[in-house]
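# Understanding the architecture of this molecule
Given next are the chains, with one letter for each unit.
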Amino acid sequence: MTDLEQHMDSQEVALALYLEENDGDRLTDILVAALDDALRLMQEDAGRQTLH
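Residues numbered from 1 in each chain as written. Predicted model: local features only at pLDDT ≥ 70, side-chain atom pairs only at ≥ 80, totals over all residues. Heavy atoms only, no water.

Let's shift gears to a negative patch on the surface. Where like charges cluster on the molecular surface, the negative patch consists of E20, E21, D23, D25 and D29. Of all the elements in the fold, those that place two or more residues in the negative patch are α1 (3–21) and α2 (24–48). Exposure remark for D25: the relative accessible area of 61% places this residue in the exposed category. (Patch = residues over 30% accessible without salt bridge, like charges linked within 9 Å, V, L, I, M, F, W, Y side chains within 5 Å. Areas by Shrake-Rupley, 256 points an atom, 1.4 Å probe, with all protein chains shown as cover. Salt bridge = Lys/Arg side-chain N within 4 Å of Asp/Glu carboxyl O. Lys, Arg positive; Asp, Glu negative; His and termini not counted. Charge placed at Lys NZ, Arg CZ, Asp CG, Glu CD. Helix = DSSP H or I, 4+ residues; strand = E, 2+ residues; numbered from the N terminus. Buried < 20%, exposed > 50% of the residue type's maximum accessible area, 1.4 Å probe, protein only.)

A word on the pattern of salt bridges. Taken as a whole and judged by the stated rule, the model has 2 salt bridges. One salt bridge in this structure joins E44 and R40, with 3.1 Å as the shortest N-O distance. With a gap of 4 residues between them, E44 and R40 both fall in helix α2, about one helical turn apart. Given a relative accessible area of 35%, E44 falls into the partly exposed group. A residue is classified by how much of its surface remains accessible, and R40, at 37% relative accessible area, is partly exposed. Connected through shared salt-bridge partners, D37, R40 and E44 make up one network.

This is the structure:
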């Protein structure tokens, strides 16, 4: 299992816990972490691209 798959699994578990507990702060933390991950992946992808 890749790091990304492991992270996605942990986010799914966190989301399930939120739905079970109805904790808005926890949902905010999950969403912020997902946005941070998306930004990091975009930055990594942009770093690999070269201009010709």
